[in-house]
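Chains, contacts and geometry: an overview
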Amino acid sequence: MDSRSIIEFFEPVVHVAVRHMFGGHGVYADGRIVAIEAQGLIWMKADDVTTPAFELHGSRAFSYFKNGKAHTMSYWALPDAAYDDPDELRRWCRLAEDAARRAQAKGKSKRKLDQATATRLI
């Protein structure tokens, strides 16, 4: 898939920006990465809250090999039904956007905690 076809795919449900990354593409909504395109598939952002929904629909986690070792990331294959049904795509996009917001909030919390700890140490 190229950037244009990814944007067109998501267009009916959410406005996205696309950037090249890892030999594939990062898909961003509201400045947050919500999906990646790799291996010819769309992989949606997931977390502990949303992973069970992906598992229930027979999805699998994105994985890759580096230095002979398998690595997984917090992205799960978009269920097949979402490729043909805008309502299904919308549902999975919402889940991915929620996971991206939670990930961003965790990152901010950690930075604030680290700053507070550093302040106490001075």
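The model shown is predicted, which means the values in this text are computed figures rather than measured ones.

1. Topic: the pattern of salt bridges
What the rule picks out here adds up to five salt bridges. The shortest N-O distance in the salt bridge between glutamate 8 and arginine 4 comes to 3.3 Å. In this pair, glutamate 8 and arginine 4 are both assigned in helix α1 (residues 3-10), four residues apart and thus about one turn of the helix distant. Between arginine 102 and aspartate 47 there is a salt bridge; the shortest N-O distance is 2.6 Å.

2. Comments concerning empty space enclosed by the protein
Applying the stated rule across the entire model yields one cavity of 30 Å³ or more. By volume, the largest cavity is sized at about 30 Å³. Elements with a minimum of two residues in the lining of the largest cavity: β3 (32-38) and α4 (86-121). Per-element accounting of the lining of the largest cavity gives the leading share, three residues, to α4.

3. Focus on α1
Every buried residue of α1 is listed here: Ile6, Phe9 and Phe10. Along the axis of α1, the buried residues cluster in a sector spanning 90°; they form a single face.

Cut-off values and rules
Residues numbered from 1 in each chain as written. Predicted model: local features only at pLDDT ≥ 70, side-chain atom pairs only at ≥ 80, totals over all residues. Heavy atoms only, no water. Salt bridge = Lys/Arg side-chain N within 4 Å of Asp/Glu carboxyl O. Helix = DSSP H or I, 4+ residues; strand = E, 2+ residues; numbered from the N terminus. 1 Å grid on protein atoms, 1.4 Å probe; cavity = no way out; pocket = protein on both sides within 12 Å on 5 of 7 lines; lining within 4 Å. Points joined across faces, edges and corners; volume = space filled by probe spheres on them. Buried < 20%, exposed > 50% of the residue type's maximum accessible area, 1.4 Å probe, protein only. Arc of directions from axis to C-beta.

Everything listed here is a matter of geometry and, on its own, says nothing about what the molecule does.
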